[in-house]
Each structure stands twice: as structure tokens, then as C-alpha cells.
Amino acid sequence: MTDDRPAWARRIAAERAARDWSQRDAVRALRAHAPTELPAEESMIRQWKRWESGQTPNDFYQPIIAALFGTVTHALFPVPSRRDGDREILAASGMETLEIVSRLNRSDVDNATLDALRITTDRLASEYPFMPSEQLLIEGRQWLRRVVELHTKSLTLAQHREVLALSGWLALLVGCVEYDTGDRHAAESTRQAALSLATEADHAEVAGWAHEMRAWFALTTGDYRGVIAAARAGAETAAHHGVAVQLAAQEAKAWARIGDRRQVEVALDKGRRLLEGMPYPENLDNHFVVDPAKFDFYAMDCYRLVGEDRLARTLAEEVLRAGTDFDGTERSPMRNAEARVTLGVTAAREGDLEQALTMGERALEGDRQSVPSLIMTSRELAAEMKRRYASEPSAQDYLARLQALGQTKPGFLPQ
């Protein structure tokens, strides 16, 4: 039979099952996260049954349920999208690209032009998850060059700071794509340029993301103490911005790879509390906006590493659900790839080689990839294959393909 319950109702049932909790166990655990006394146990059990059947919890219970399962309210109970793609961008700016460029050629720059550039920068950052890397790199560099050239124009002090900030955002985007495609040295130079622009503009958020990129680079190259140092430096710089959540997640990932389970939970809880206290983002597509649903992606990675396979699998399934449209189009192909690696790792540990290979192969198929991140996670699946199925020809074929992928990007070769 088709399960027509809302996705959140199916998820809380799956999360409970992953912890081997009865509904009574879940209600008892819920009390530890409630800010005030809850109704009697039998009443709460009836309420829990209604929730699992699809009756929406009210605003009081939603954050408590989210905290119970180590996530945030809007990851478990998402808010409908409020954006309408290109029509909204054009309506907000009133300008097409040709008009923006023609305005940039004038001797002075008006605020309407800066507004259009701000919206264009947001659009490019929103296309990061799915635009082909080569195309995004070309467009990002072109717009960065145009914005940097504004420094030769007549600008007010406020406009000068705005241009520095826009240059910083575009440099961050270009650096991310450079790293995705394996150009580590160019990516680090671009990251440092973004940090310099942020410092000159006194822009804490751009600086925080520059530190986050440093943490990401360190994570994918195995410098886990470097991740922690970069995450803490960024958190000190941008403590009140959304990037602080992602910095906490990068720290949690590093602790997971070091093997310190307690510090993993500390870092995840820090990120969850920060995110829960922040306003809901206006544009979830922007790469430099922390989507509440992404918190499940962070936790998935950590739980896979510390061997909590049922929790990791539950979260991987949720990441795939949230990252795929009803027609099968993938909204978040890079997150989905890592979710499939997680499903492959858990399947390999459970003795299901066929499922492990299916998930591992599918993870490598996407056109839009972050090669260093994909190799880092796939390396874990490769380790399970070598440990458990070294003599299986199909496992050997997968390992050879992963090795070939590493060889196409020098410096990212899996061990």
C-alpha cells in the first residue's frame, strides 16, 4: 500500500525505529527536551500516535521533536519555497544582463546597478548545486572581473564597501568551483583573495565563509586538526552568521574522523542550537545560505563515521528525499551523491555487496560533482570493500573506477 503520510511523519517513525524506541520510549525521551512539563504519559503516547499518522504537531512541539532527533525544526518541518527563479530576479532588479553590463561602463555607478549586481551574485550562488562546473566557473570569473573593475569608477564610501563585499562573494563562489574541479592551488589563492576583500570591507560573513573553505580544504586532504583550527577561527569571526553553523558541522566531521564521539556530539549540538535560533532563510538555493535541511546531511556524515549505521541510513534516505523533486529531478546532486555513498557503506557493513556497489556506482554518475568531497567519502566505501570483499570481481571493478577518478584530479588520489 502507498504510504501517503507527510514526509515528516514517516521520518519521525523511521528515526524512532532507528533508535529501537517504542512510542513510549520516544515520549519519555521527549520530556528531556521540553522546556516545560508535558501532559501525562498516556496522553502523550496518544499524541505521538497522531503525529506518526500525519497530524501536524503545533509550534510548541515541533522544535522539541526536532531536538529529540538531533535536528532543527525547519529540517524536519520544512517551509514551502518562497522563490520563483528568474522571474523574481528580473522583477527585483528590473534589468537584464546586457543592461547591467552597459551601466557598468559608465563613469559612475548608481545604487540600482549595485542592486542588480547583488541579485546577479545571488543567482550565481544559487546555481552552484546544479550548473556544470565549467560553465559556472566561466560565468563566475566574468562577473568577478566586471565587479572588480568598478573600483576604477567614482564610488561613495558605502558603494566602495558594497563592491568589495560583492567581489568577496564572487571570489568565494569561484574558489569553491575551482576546488570542486580539482584545482586546489587556484582555489586556495582565490580563497585568500576573498578573505583579503572581507578584511578590507570589514565583512564578517564573507570572512567566515573564507575560513569555512579552509576547513573544507583541510577536511578533504586529511588535515583534521587544521579543520578544527579553521572552524574555530571562522566561528570567532562570524559568530552571529549562518556560516557559524557550517563551521560547527565541519568541526564535527573532523572529530568524527579523529574518532572522538563526545566532541562530535558537542559540535553537532552547537551547530543545531545556532541554526534553531536563526531566522528562516529567504533563499535556500544560495550556496552560502545554510539550509536547515542540510543539517541532516552533516549529521549523516558523522554518524556513518562513528558506526551508527541505522541513524546514518535513516538520515541518508531523508537527504535523498529532500534533494529530489517529485519527478525525479535532483535538486541537490552533490548531497545526494554522498547520501548514496552512506547507503553503500551501511549496506557493505551489513553484508549486502550488491546494494553497496549499486549505491557506490550511482554516487559516481552525476554530472555535477565535488570531486574531493566525493573521493573522501567514497574512500570509506572503498575501505569497506577491501576489508570485506577484496576477492570479489565486482568490488575490484568499483575500486578500479574510484582509483581512476582520483587519478584525473592530482592531489585527491584515494589511499
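The structure displayed is predicted, hence computed values, not measured ones.

Sorry if this is basic, but what is going on with the overall build of the protein chain here?
Secondary structure assignment for the protein chain yields 21 helices and zero strands. Put simply, the protein chain has 415 residues, and 52% of those count as buried. Residue pairs at least 24 apart in sequence account for 65% of intrachain contacts in the protein chain once pairs closer than 6 positions are excluded.

Sorry, what's going on with the packing of aromatic side chains here?
Aromatic ring pairs are defined here through the distance separating the ring centres and the angle between the ring planes. For the structure shown, the criterion picks out 13 aromatic pairs. Through successive ring pairs, a cluster of aromatic residues spans Trp21, Trp48, Trp51, Phe60, Tyr61 and Phe69. Here the basic side chain of Arg19 rests over the ring of Trp21, its NZ or CZ set 5.8 Å away from the ring centre. The ring centre of Trp143 lies 4.5 Å from the NZ or CZ of Arg146, which sits over that ring.

Please clarify how the pattern of salt bridges should be interpreted in this entry.
Two side chains of opposite charge can pair, provided their charged atoms sit close to one another. Within the structure shown, the criterion is met by 34 salt bridges. Where Arg118 meets Glu162, a salt bridge forms, and the shortest distance between an N and an O atom there is 2.8 Å. Placement of the pair is Arg118 in helix H8 (residues 111–126) and Glu162 in helix H10 (residues 157–180), with a sequence separation of 44 residues. Overall, Arg118 belongs to the partly exposed group, its relative accessible area being 36%.

Can you help me understand the packing of helix H13 (residues 224–237) against helix H14 (residues 243–258) in this one?
The description of two helices packed together rests on the angle between their axes and the distance between the axes. One can describe the packing of H13 onto H14 by two numbers: an axis separation of 9 Å at closest approach and a directional angle of 160°. When the axis of H13 is compared with that of H14, the two are roughly antiparallel. Between H13 and H14 the crossing geometry is left-handed. Each of Tyr224, Arg225, Val227, Ile228, Ala230, Ala231, Arg232, Gly234 and Ala235 in H13 lies in contact with H14, whose residues at this interface are Leu247, Gln250, Glu251, Ala254, Trp255, Arg257 and Ile258. When grouped by side-chain class, the residues that make up the contact of H13 with H14 number ten nonpolar, two polar and four charged.

In this structure, what is going on with unusual backbone geometry? I would like to understand it.
What you tend to see is this: most non-glycine residues have negative phi, and most peptide bonds are trans. Backbone geometry at Asp20 places phi at a positive 60°, although glycine is not the residue there. Turning to its location among the elements, Asp20 is positioned in the loop between helix H1 (7–18) and helix H2 (23–31). With a relative accessible area of 59%, Asp20 lands in the exposed category. Phi angles above zero are rare outside glycine, and Asp202 is one such case at about 55°. Take Asp202: it is sitting in the loop between helix H11 (184–201) and helix H12 (204–220). Judged by its relative accessible area of 63%, Asp202 is exposed.

Before we go on, may I ask you to explain the side chain of Asn283 in this structure?
With respect to the secondary-structure elements, Asn283 resides in the loop between helix H15 (261–276) and helix H16 (294–305). A polar side-chain atom of Asn283 sits 3.0 Å from a polar atom in the side chain of Asp122. In terms of polar contacts, Asn283 uses its side chain to reach the backbone amide nitrogen of Asp285, at 3.0 Å.

Which parts of the structure should I look at to understand the confidence of the model for the protein chain?
When pLDDT is low, close inspection of the predicted coordinates is not appropriate. When pLDDT is averaged across the protein chain, the result is 87; 90% of the residues are at 70 or more. Mean pLDDT across the elements of the protein chain bottoms out in helix H6 (residues 85–93) (47) and peaks in H13 (97). Contacts of residues 82–94 to residues separated by more than four positions or lying in other chains number 18 contacts, the stretch itself having pLDDT below 50. For the stretch residues 409–415, pLDDT sits under 50, and the model shows 24 contacts to residues farther than four places along the chain or on other chains.

Teacher, can you tell me more about helix H9 (residues 133–149) here?
The end-to-end C-alpha distance of H9 is 24 Å, a good match for the 24 Å that 17 residues give at a rise of 1.5 Å each. Those residues of H9 that sit buried are Ser133, Leu136, Leu137, Glu139, Gly140, Trp143, Leu144 and Val147.

Looking at this structure, how should I read the environment of Cys176?
Turning to its location among the elements, Cys176 is positioned in helix H10. The buried category is assigned to Cys176, whose relative accessible area is 1%. Along the chain, Cys176 and Glu188 lie twelve residues apart, while their C-alpha atoms are 9.3 Å from each other. Not counting residues within four places of it along the chain, the set of residues in contact with Cys176 comprises Tyr128, Met213, Trp216, His287 and Phe288.

What should I look at first to understand the environment of Ala299 in this one?
Mapped onto the fold, Ala299 is located in helix H16. Judged by its relative accessible area of 5%, Ala299 is buried. When the C-alpha positions of Ala299 and Leu268 are compared, they lie 7.2 Å apart, and in sequence the two are 31 residues distant. Beyond its immediate sequence surroundings of up to four residues, Ala299 is in contact with Leu268 and Leu315.

Please clarify how the nonpolar core should be interpreted in this entry.
The biggest cluster of nonpolar side chains holds 77 residues, and the ones touching the most others in it are Tyr128, Leu172 and Phe288. Ranked by the residues each element gives to this core, the list is headed by H10, at eleven residues. With sequence-adjacent residues up to four places away left out, Leu172 is seen in contact with Ala194, Val206, Trp209, Ala210, Met213 and Phe288. Residues Leu30, Ala66, Leu68 and Phe77 belong to the second largest nonpolar core, which totals 20 residues.

Would you take a moment to explain the packing of H14 against H16 for this structure?
Relative to each other, H14 and H16 sit at 10°, their axes nearing to 8 Å. Classified by the interaxial angle, the pair formed by H14 and H16 is roughly parallel. Contacts from Val245, Gln246, Ala249, Ala252, Lys253, Ala256 and Arg257 in H14 reach Lys294, Phe295, Phe297, Tyr298, Asp301, Cys302, Arg304 and Leu305 in H16. Residues of the contact of H14 with H16, tallied by class, amount to nine nonpolar, one polar and five charged.

Cut-offs used in this document
Residues numbered from 1 in each chain as written. Predicted model: local features only at pLDDT ≥ 70, side-chain atom pairs only at ≥ 80, totals over all residues. Heavy atoms only, no water. Helix = DSSP H or I, 4+ residues; strand = E, 2+ residues; numbered from the N terminus. Buried < 20%, exposed > 50% of the residue type's maximum accessible area, 1.4 Å probe, protein only. Contact = heavy atoms within 4.5 Å. Phe/Tyr/Trp six-rings, centres within 6.5 Å; stacked < 30°, edge-to-face > 60°. Lys NZ or Arg CZ within 6 Å of the ring centre and 35° of its normal. Salt bridge = Lys/Arg side-chain N within 4 Å of Asp/Glu carboxyl O. Axes fitted to C-alpha atoms, helices over the stretch in contact; angles between N-to-C directions. Parallel < 35°, antiparallel > 145°, perpendicular 65-115°, else oblique. Left-handed = near helix turned anticlockwise from the far one by under 90°. Nonpolar A, V, L, I, M, F, W, Y, C, P; charged D, E, K, R; others polar. Polar contact = N/O pair within 3.5 Å; in protein donor to acceptor, adjacent residues only side chain to side chain. pLDDT = per-residue confidence, 0-100. Expected span 1.5 Å × (residues − 1). Core = buried A, V, L, I, M, F, W, Y, C linked by side-chain atoms within 4.5 Å.

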